[in-house]
Amino acid sequence: MNLSREQRTEQEKHNSEVKTNALRIYNSGITNISNITRRLMADGHEIWGRNTFHNFRQVVAKIVKEDKLRDENPSLFDECNSIGIDASTVKHAWYKGKHWSINFRPDEIGPSFDDMYQDHIKSIEEHTFDYKKIVRDKVKDPHLLVIDPADVHIGKYANKFGTGQDYNTEIAVNRVMEGIDKILQYSNSFEIDKILFVGGNDILHTDNSRRQTTKGTPQDTENMWYDNYRAAKNLYIACLEKLIKVADVHYVFNPSNHDFMSGFFLSDMIESWFRDCENITFDVDLTDRKYFLYGKNLIGTSHGDGAKQQNLGSLMSVEAKDKWAKAKHTYFYVHHIHHKTSKDYINVTVESMRSPSSSDYWHHKMGYKSPEGIEGFLHHPENGQVARFSCIFDEEC
């Protein structure tokens, strides 16, 4: 967002207390940006604008980066400051001396794997992982709630000027959290004893440092790849911490075409994060199709870019034959196409999920448009799917 000079002045004034406290925490030895952000938010500090974790973290990162630049390159910092340039956004500079004219810029690839690993280690060192086991009363009329935030594409970028709609990391994260809140609100009159959370399915928009998918297709993106990864990590942690307060959770991961590697790394990390939580179970291997048995419901999930829909029932009967023998109701929830379809085949009902993400420029140009939303489904152990819930984002949920 481009700010006027008055808005920038207001922003700096409003964020001054956050800046002072962020640097105080950083200089005390806590150097992990996410941990600094959590401490500031827990203490009740607020930034100028929307106070989401992602926005707050960006402000803290900018404060720390500018402070480092002031120490490491004071001349560059002072020059930027004197002419109103945000020093933290400088990508390259041109130095003209008496004998040489030199163009230089920092490395834009981002942190190495080791840097990210150390960042994660620092993050978890102060996280107690003190997920005490929640002992729940037995419910009389149990149900399974399926929550499936499909094709979120964190890192995708679109704006109103090019596509008629804005979409970015902040919107993606907010839509997932809003969608889950609405589904929990809609389903709160039912007794829920289990939640199936479907992860993966293009949670991230790209899979490398060159803003490309796994196969190398260029994408319109916002932020650097590591910023988007961290945003997705924080989103999944927030989702699961919210859901385990309602019921025990089973997390399944579906590998996908935009983020085959990074999506797996993310889910594998989430499993490690909750390793001491007895109220969550995980299925995060790289098999394309996952299966979950609840009462007489056999539920399959897949990204949807592999086997044909008409073959999913037969595959289910072979790949999950022990569960198949116990099931009366069989379902497959698939993704990838970003719009709603539902069809009964002889041996399975296949349903594709809506996506909360807006069209980027190419998809807008080609006319790919459908309602954007987050969906949930309610299954009775004996009677199968008995309800569905949708939060559509181009209208009031």
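Right, let's walk through the structure included here. (Residues numbered from 1 in each chain as written. Predicted model: local features only at pLDDT ≥ 70, side-chain atom pairs only at ≥ 80, totals over all residues. Heavy atoms only, no water.)

## Things to note about unusual backbone geometry
In plain terms, the rule: Secondary structure elements are defined from DSSP: runs of H or I of at least 4 residues count as helices, runs of E of at least 2 residues count as strands, and each element is numbered from the N terminus.
In this model, His 336 sits at a positive phi of 80 degrees, which is unusual for a non-glycine residue. Mapping His 336 onto the fold places it in the loop between β9 (329–334) and β10 (341–344). A positive phi is found at His 338, a non-glycine position, where the angle reads about 65 degrees.

## Thoughts on the sheet that holds β10
How we decide: The pairing criterion is simple: DSSP has to find at least two bridges between the two strands. Note on geometry: axes are lines fitted to C-alpha atoms, helical ones only across the stretch in contact, with angles between N-to-C directions running from 0 to 180 degrees. Between two residues, a contact is recorded if the distance between any of their heavy atoms is within 4.5 Å.
Read from one edge of the open sheet, 5 strands run β7-β8-β9-β11-β10, paired in mixed fashion. On the outer flanks of this sheet lie β7 (289–294) and β10, each paired with one strand and no other. Strand after strand, the sheet turns through a mean of 15 degrees between neighbouring axes, direction not considered. Where β10 meets strand β11 (residues 349–352), 4 bridges bridge the pair, whose relative direction is antiparallel. Residue pairing across strands places Thr 341 opposite Ser 352, the latter belonging to β11. Each of β7, β8 (297–302), β9 and β11 is contacted by helix α11 (residues 312–319), which is oriented at about 70 degrees to β7, the strand it contacts most.

## Observations concerning the sheet that holds strand β4 (residues 194–200)
An order of β6-β5-β4-β3-β12-β13 is seen for the 6 strands of this open sheet, with the pairing classed as mixed. Of all strands in the sheet, those with a lone pairing partner are β6 (280–283) and β13 (384–392), marking the two edges. Strand-to-strand, the axes of this sheet are offset by a mean angle of 20 degrees, without reference to chain direction. As paired elements, strand β3 (residues 144–148) and β4 share 4 bridges and run parallel to each other. Bridged to Leu 144 within β4 is Lys 194. In the packing of helix α9 (residues 225–243) onto the sheet, the strands contacted are β3, β4, β5 (248–254) and β6, and the crossing angle to β4 comes to about 175 degrees.

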